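Take a look at the letters that make up each chain.
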Amino acid sequence: MPQEHLPFALPDISEDEIEAAVEAMRSGWLTTGPRVAEFEREFANFLGGGDIQAVAVNSATAGLHLALEAIGAGPGDEVIVPTWTFTATAEVVRYLGATPVLVDVNPSSLNLTAASVEAAISPRTKALMPVHFAGLPVDPAVRSLAAARGIPVVEDAAHAFPADDGTGPVGAGDAAATVFSFYATKTITTGEGGMVVTRDPALAQRMRTMRLHGISRDVFDRYRSTAPAWRYEVVAPGYKYNLTDPAAAMGLVQLRRARAMRDRRAAIAQTYLDAFADLPVDLPARGGREVLHAWHLFVIRMRTEGGRSRDAFIEEMAKAGVGCSVHFIPLHLHPYWHDSLGARPDDLPVASAEFERVVSLPAFSAMTDAQVERVVGAVRRVLT
Ligand SMILES: *Cc1c(COP(=O)(O)O)cnc(C)c1O
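Scoring rules and cut-offs
Residues numbered from 1 in each chain as written. Predicted model: local features only at pLDDT ≥ 70, side-chain atom pairs only at ≥ 80, totals over all residues. Heavy atoms only, no water. UniProt positions renumbered as here; feature names shortened; annotations may be inferred. Near = heavy atom within 4 Å. Polar contact = N/O pair within 3.5 Å; in protein donor to acceptor, adjacent residues only side chain to side chain. Areas by Shrake-Rupley, 256 points an atom, 1.4 Å probe, with all protein chains shown as cover. 1 Å grid on protein atoms, 1.4 Å probe; cavity = no way out; pocket = protein on both sides within 12 Å on 5 of 7 lines; lining within 4 Å. Sits in = over half its atoms within 2 Å of the grid points. Helix = DSSP H or I, 4+ residues; strand = E, 2+ residues; numbered from the N terminus. Domains from an automatic or database assignment. Contact = heavy atoms within 4.5 Å. Buried area = accessible area lost by both parts, 1.4 Å probe. Salt bridge = Lys/Arg side-chain N within 4 Å of Asp/Glu carboxyl O. Nonpolar A, V, L, I, M, F, W, Y, C, P; charged D, E, K, R; others polar.

- Labelled according to an unreviewed UniProt entry, the chain appears under the name DegT/DnrJ/EryC1/StrS family aminotransferase, originating from Knoellia koreensis.
- As recorded by UniProt, the Cofactor (unreviewed entry) comment attached to the chain reads in full: "pyridoxal 5'-phosphate".

1. Structural notes on the site of the ligand
So, step 1. The ligand sits among 16 residues. The nearest are Thr-61, Asp-156, His-159, Ser-181 and Lys-186.
So, step 2. Between the ligand and Lys-186 there is a distance of 3.1 Å, counted from an oxygen atom to a side-chain nitrogen or oxygen.
So, step 3. In isolation the ligand offers 380 Å² of accessible surface; the protein chains occlude 92% of this area.
So, step 4. Under a 2 Å grid-point criterion requiring more than half of the atoms, the pocket assigned to the ligand is the largest pocket.
So, step 5. Of all elements in the fold, only helix H3 (60–70) and helix H4 (87–95) reach the threshold of two or more residues within the shell around the ligand.

2. Section: the domain arrangement of the chain
So, step 1. Along its sequence, the chain is organised into domain 1 (15–255) and domain 2 (258–383).
So, step 2. Once you take the C-alpha centre of each, domain 1 and domain 2 turn out to be 26 Å apart.
So, step 3. In this assembly, 41 residues from domain 1 lie in contact with 35 residues from domain 2.
So, step 4. Carbon and sulfur atoms supply 68% of the area that domain 1 and domain 2 bury against each other, a total of about 3000 Å² over both sides.
So, step 5. Taken together, the connections running from domain 1 to domain 2 amount to zero salt bridges.
So, step 6. Counting across the interface, domain 1 meets domain 2 through 15 residue pairs in polar contact (both at pLDDT 80 or more).
So, step 7. Listed by contribution, the elements that provide at least two residues to the side of domain 1 that touches domain 2 are strand E2 (78–82), H4, strand E3 (99–103) and helix H9 (245–275).
So, step 8. Residues that form the side of domain 1 that touches domain 2 fall into these classes: 22 nonpolar, 13 polar and six charged.

3. Let's talk about the side chain of Asp-77
So, step 1. Tracing the chain through its elements places Asp-77 in the loop between H3 and E2.
So, step 2. There is a polar contact of 2.8 Å between the side chain of Asp-77 and the backbone nitrogen of Gly-74.
So, step 3. Leaving out residues up to four positions away in the same chain, Asp-77 has contacts with Gly-72, Ala-98, Thr-99, Arg-124 and Lys-126.

The following block contains the structure:
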């Protein structure tokens, strides 16, 4: 009996998100308006509030770009980036004329490590960009190292909402800025969107200015009392990175559902961990008791003695009607990064080796129990 194809990822959208987006459209606020301001406030509150400021943007890529721009990264600067990430993390470094320095990852967590970062620090190091891969927070020792060396941290938390490394929620720590993604497949979504959070008011102000054409609210507000409403001041050649109200309306509902959706992914992950314990695969690291894993991705690794290559596994799963994916093709194995940085596979041995055997299984919150069981059955059939 032919089975319906289960895609690798689907968004988890209820009638509430649909109604909220429609209501925003009916209100006339199609671009940035009151719902974006409310989304920023609610997002900052979710992380603990206080002096945390949230700046909504139209992608995490935009947020990473704004954060690096605000800390002043430019030509001649180096920014440390794990090779185990999506190209967005490193491309924004290039937008500013700076140079990404790729570092290797821990073979268990696939996150960068204090040792790999330490070895990459130079007098030109301007920033460090840790990536909380799959939603497992980076070891806090990495942040301590950066703090001790006076290196600002711009966290790529595209996978890590909500997550906690045991010292507090990702985004509520001492990073200069933390950037979340609301892309269609991420843990909460606005279709396209993102959020930058920071405790530094100067950084927040610079990012707010640069997110909308370099128009300064403060300068604007200073003139507001005396000048006509059409008056504004351009203080820099900014970007067009603002989020829309219909997207923020979706985001507000997703934010309210974020913990429940995370718990659903954690339950799916637990089912997989139990069901695959006897198979010839390495299961993902889950972090210590103190860690809250966002479980954005569930990544297994083929053991060579299993006798099946990763590519063959994905093909077999597709025949069984289950979509799989690979996270990530390390940056140094892509032509652009390989050629422009001269990074060879031997320079980043863990990532080069682990890439050959990783597979991401469907693990999104909208999955039904029957779909989870289908994945379990297909994986067990293919591997035994
Ligand atoms: C998805 C992703 C991004 C980019 O997010 P967008 O919102 O699509 O710009 C950046 N980094 C990582 C690790 C990602 O997975």
